[in-house]
Amino acid sequence: MNESIQPTSTAERIPSLDFLRGIAIFGILFINIESFVYPNPWSSWQYGYESPIDHNTRFWVYFLTQGKFYTMFAMLFGVGFVIFLERIQQRSSGLKPIDIYARRLLWLFVIGVIHAYFIWDGDVLYHYAICGFLLLPFRSIKSKNLLLIVLFLASLLLVKSYDSTKKRYESLTNYTEALKVEEGQRTAAQSKLITSWQNRYSKKSPILSKAEIPKTSYWEGVKDTYEHLQVHKGAFYYQSLIISSLIVMILGIVLFRTGIFSDYKSWKYYWAISISFLLFGLTINYLRYYHWSYEDHVPITETWKALLFTFPKEVLGIGYVLVLNGLFQRYLKNVRIKIFTKIGRTALSNYILQSLILGILFHGYGLGLFNSFSRFELLAFVLTIWAIQILLTFIWLKYHKQGPLEFIWRKLTYDSFNKKV
């Protein structure tokens, strides 16, 4: 086997990127666990609300974590796109870099689909794989032109937010006018509008009792997943996330080219820029998730607010990346026990491991603890799973150079067509 296809050595890796991946792996657990525990995890008033502290827990979890670590992953995926192609181009002999890259994405897609259908239908890997293919045209585009592309893609989502808000305001106006009409004189359309609006925006009383949900067997769960997922029908990515994913991945390419992941001092005003991003991100996320957690019954009809709420998680996710990258290089890179970097080196394995642990704990084929804990109580599960992952990762890396799924992924990438290199 050619030396060029051996796993990337520790010396070749960029430590700050492994650190950031490790942080992201731990962070996504705060949100992913809800999908395993509750029938409707996104609700601000049903399931998991046993006391007022649960509402506050939900606010802080969503304020600080919802979507932010997905953003980090997407950005690091864009960075990895550049690094992989550059290294393969330098080291490969016989196979073209694009061939290897395409095969790598193919198997990532397969791993993601297997994960989605047989373990957890919230998988994001197959979505990333499709995004990876869409990144190919951007490989050789200059950074300033990539930023123009980002602005164009962002404008599409901003226009969508504006249009949605305009329609919501018109619906509110029509609802208000319909209420002025005597009940017996309302048209069918007016009655339907009133019912629909009140169902959506009436203030709900929290469900304090744990609803009884039938515990399904493993294969019944697989059947439900098959009916829910659409990959086998050609839906190869999440339509609502494709543009935002590409925006963040392209930004990852641009940031990597500036050299900040190897030396944050390559930016003259690194800390000023990073902290500004973080503070702005925290501000808009506080406003967004305070509304989502406590005022979800109040419709957003102000255009400025809708536009501000278009990219809250992306802005804060970028702020996290910049600040944590600087902190790692400035203070943590020489720390002897590198918990997060080890988790980051085995990110794929640990991502799937989280789903396996959560399935065993909460689904019917395991302990069947589905919908049995409040949102505050879930924090103890998060900490426990972190501890399990740290322990298993340290033990595994003591005897192996890479995670088990990383090894399989690499093996499939280079051996899937029985082509020697």
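See the structure above.
Residues numbered from 1 in each chain as written. Predicted model: local features only at pLDDT ≥ 70, side-chain atom pairs only at ≥ 80, totals over all residues. Heavy atoms only, no water.

A.B. asks: Let's hear about a nonpolar patch on the surface: which residues, and what values?
C.D. replies: A cluster of nonpolar side chains, contributed by Leu327, Tyr331, Leu332 and Val335, occupies part of the molecular surface with about 340 Å² of accessible area. Note on placement: Val335 falls in the loop between α12 (312–332) and α13 (339–345). (Patch = residues over 30% accessible without salt bridge, like charges linked within 9 Å, V, L, I, M, F, W, Y side chains within 5 Å. Areas by Shrake-Rupley, 256 points an atom, 1.4 Å probe, with all protein chains shown as cover. Salt bridge = Lys/Arg side-chain N within 4 Å of Asp/Glu carboxyl O. Helix = DSSP H or I, 4+ residues; strand = E, 2+ residues; numbered from the N terminus.)

A.B. asks: How would you sum up the pattern of salt bridges? Please name residues and give values.
C.D. replies: Using the criterion set out here, one finds 6 salt bridges in the structure. Ionic pairing is found between Arg375 and Glu34, a salt bridge with its closest N-O pair at 3.1 Å. In this pair, Arg375 sits in the loop between α14 (347–362) and α15 (378–399) while Glu34 sits in helix α1 (residues 15–37), placing the two residues 341 residues apart along the sequence. The burial state of Arg375 is the same as that of Glu34; both residues are buried. (Buried < 20%, exposed > 50% of the residue type's maximum accessible area, 1.4 Å probe, protein only.)

A.B. asks: How would you explain the environment of Arg186 if you had to name every residue and give the values?
C.D. replies: With respect to the element layout, Arg186 can be found in the loop between α6 (143–179) and α7 (188–201). Separated by 181 residues in sequence, Arg186 and Leu367 have C-alpha atoms that sit 52 Å apart. Arg186 has contacts with Ala178, Leu179, Val181, Ser191 and Ile194, leaving out every residue within four places of it along the chain. In terms of polar contacts, Arg186 uses its side chain to reach the backbone carbonyl oxygen of Val181, at 3.0 Å. (Contact = heavy atoms within 4.5 Å. Polar contact = N/O pair within 3.5 Å; in protein donor to acceptor, adjacent residues only side chain to side chain.)

A.B. asks: Just give me the short version of the packing of aromatic side chains, but keep the residues and values in it.
C.D. replies: What the rule picks out here adds up to 39 aromatic pairs. Note on Tyr270 and Trp271: the rings are 5.6 Å apart at their centroids and 90 degrees apart in plane angle, and the pair reads as edge-to-face. Tyr270 sits in the buried class, given a relative accessible area of 2%. Their ring planes at 50 degrees and their centres at 4.9 Å tell us that Tyr290 and Tyr294 sit as a pair that is tilted. Taken together, the residues Tyr290 and Tyr294, both in helix α10 (residues 270–294) and 4 residues apart, mark about one turn of the helix. By relative accessible area, which is 33% here, Tyr290 ends up partly exposed. A residue is classified by how much of its surface remains accessible, and Tyr294, at 27% relative accessible area, is partly exposed. Members of the aromatic cluster, joined through ring pairs, are Phe19, Phe26, Phe30, Phe328, Phe340 and Trp386. The ring of Trp292 carries Arg58 above its face, with NZ or CZ at 5.2 Å from the centroid. (Phe/Tyr/Trp six-rings, centres within 6.5 Å; stacked < 30°, edge-to-face > 60°. Lys NZ or Arg CZ within 6 Å of the ring centre and 35° of its normal.)

A.B. asks: Could you give an account of α14, with specific residues and numbers?
C.D. replies: For α14, built from 16 residues, the straight-helix expectation of 22 Å at 1.5 Å per residue is met to within 8% by its first-to-last C-alpha distance of 23 Å. Burial within α14 is extensive, with 13 of its 16 residues counted as buried. (Expected span 1.5 Å × (residues − 1).)

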